[in-house]
Amino acid sequence: MNKDIKYFGIDISYLVFDVTDSDGNYYQFKNNVTGFKKFIKLLDINSHCVMEATGYYHYQLAYYLLESGFKVSVENPLSVKRFIQMKLSKIKTDKSDSKLICEYARQVELKLWQGNSKHQIECLQMTRLLSVYTKQSTMLKNKLHGETVLGNPSKLVVGSLKRSLKHVQKEIKTLEEKLLILVKQVHQDVLTRIKSIPGIGNKTALMLVVLTDGLDRFTSASELCSYAGLTPLIRQSGSSVKGRPRISKIGNQKLRNLLFMCNFTACKYNKACRDIYERIVAKGKSKKLALIAVCNKLLKQVFAIAKSGLTYDHTYRSTLVKN
């Protein structure tokens with residue numbers, strides 16, 4: 001810990017955010033630009049602001065601080081929660097939380113938050129809306145099926161469902177087209193090369209690029225796997241506690257789900273993925289474990305392709321098969 005740094009623990013809610021600094025001073029500001037301007041008057045070059053990733057509430061303040069030139073860290077809420085539990089605190093208020101976040105900041109190694117570019121923010125917003133519309137489309141299809149199998153379905157209800165479904169599907173198509181155009185403006189090259197990997201289709205490649213921001217921020221394949229929450233979590237203590245290894249799941253759930261959807265196609269058409277799947281199953285391991293290994297292999301191939309500047313070649317084993 002750098003003794004010259006003054007930490008500010010920030011607990012954010014919808015209307016206000018509570019702040020406690022390293023000296024124990026407590027403040028409360030409105031969670032809007034007026035409050036942000038008042039807050040930064042307390043800061044200087046040695047200030048480091050630390051907050052939790054609280055849904056959407058922290059974004060405006062985090063970006064405002066970042067654009068104003070101050071150090072910002074946005075921490076995993078689970079890490080902060082475990083720290084607070086370790087303190088055995090019997091008081092649970094916004095003020096006490098900001099104090100404990102400040103204490104947390106002084107005791108752990110923090111990573112500076114970089115935020116996303118305006119291009120990436122728009123891509124992610126479109127992705128989230130696509131997810132909402134896709135769920136609505138599935139719901140409407142199921143409802144339409146349920147109504148049509150009735151002995152005497154209402155024409156009014158069926159007609160309304162069909163119109164709603166048509167509208168949602170039109171919005172999905174429009175968003176997908178706009179998203180593809182937006183991604184190609186920045187990541188055309190890496191998108192084209194990722195699509196060359198067997199088992200990864202056009203939509204999957206597009207979402208991979210969006211969710212990883214073109215893989216620009218990752219320096220290793222293991223870092224990418226960790227981001228997806230696919231790294232193993234070992235539970236072992238002494239001679240009596242030997243839990244079954246499982247993936248951490250502390251990562252990007254959308255990316256993880258996307259990879260699991262690619263598994264079966266990858267096992268069929270991607271030789272490296274098929275080999276690792278068959279090898280693990282032949283050892284008597286579960287198919288689920290084998291599929292997790294396939295997800296890791298796919299991510300490693302994606303990373304190798306993105307960083308090498310090459311397209312997929314199953315004969316180039318030093319890049320695409322070596323872990």
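Above: the structure in question.
Residues numbered from 1 in each chain as written. Predicted model: local features only at pLDDT ≥ 70, side-chain atom pairs only at ≥ 80, totals over all residues. Heavy atoms only, no water.

Enquirer: Talk me through the pairing of strand β1 (residues 6-12); I want residue IDs and the actual numbers.
Expert: Across the seven residues of β1, six count as buried, placing the element largely inside the fold. Pairing geometry for β1 and strand β4 (residues 47-52), over five bridges, is parallel. By the bridge assignment, G9 is partnered in β4 with V50. By the bridge criterion, five bridges tie β1 to strand β2 (residues 16-21) in an arrangement that is antiparallel. Pairing of D11 across the sheet is with D18, part of β2. (Buried < 20%, exposed > 50% of the residue type's maximum accessible area, 1.4 Å probe, protein only. Helix = DSSP H or I, 4+ residues; strand = E, 2+ residues; numbered from the N terminus. Pairing = 2+ DSSP bridges.)

Enquirer: Explain the nonpolar core to me, using residue names and the numbers behind them.
Expert: L179 and I194 are the most contacted members of the largest nonpolar core, which has 57 residues in total. Those residues in contact with L179, other than ones at most four positions away along the chain, are C123, M126, T127, L130, L206, M207 and V210. (Core = buried A, V, L, I, M, F, W, Y, C linked by side-chain atoms within 4.5 Å. Contact = heavy atoms within 4.5 Å.)

Enquirer: Give me the environment of Y269: which residues, what numbers.
Expert: Summarising the element assignment, Y269 is placed in helix α9 (residues 253-269). Placed 72 residues apart in sequence, Y269 and I197 show a C-alpha to C-alpha distance of 9.4 Å. Ignoring sequence-local partners within four residues, the contact set of Y269 consists of P198 and R274.

Enquirer: Go over helix α5 (residues 118-148) with me, naming the residues and quoting the values.
Expert: Turn by turn, an α-helix covers 3.6 residues, leaving residues three or four places apart pointing in a common direction. Taking 1.5 Å per residue, 31 residues should reach 45 Å; α5 reaches 45 Å between its end C-alpha atoms and fits that length. All of the buried residues in α5 are H119, Q120, C123, L124, M126, T127, L130, Y133, S137, L140, L144 and E147. Close packing links the buried residues of α5 with α6 (155-194) and α7 (202-212). (Expected span 1.5 Å × (residues − 1).)

Enquirer: Break down the pairing of β4 for me, citing the residues and quoting the values.
Expert: Among the six residues that make up β4, six are buried, leaving the element largely enclosed by the rest of the structure. Of the two faces of β4, both are covered, the one formed by S47, C49 and M51 as well as the one formed by H48, V50 and E52. Sheet analysis places β4 next to strand β5 (residues 71-75), joined by five bridges and oriented parallel. In the sheet register, E52 faces β5, and the bridge partner there is E75. One crossover worth recording links β4 to the parallel β5 by way of helix α2 (residues 59-67), and it is right-handed. (Right-handed = clockwise from strand over helix to strand, strands pointing away.)

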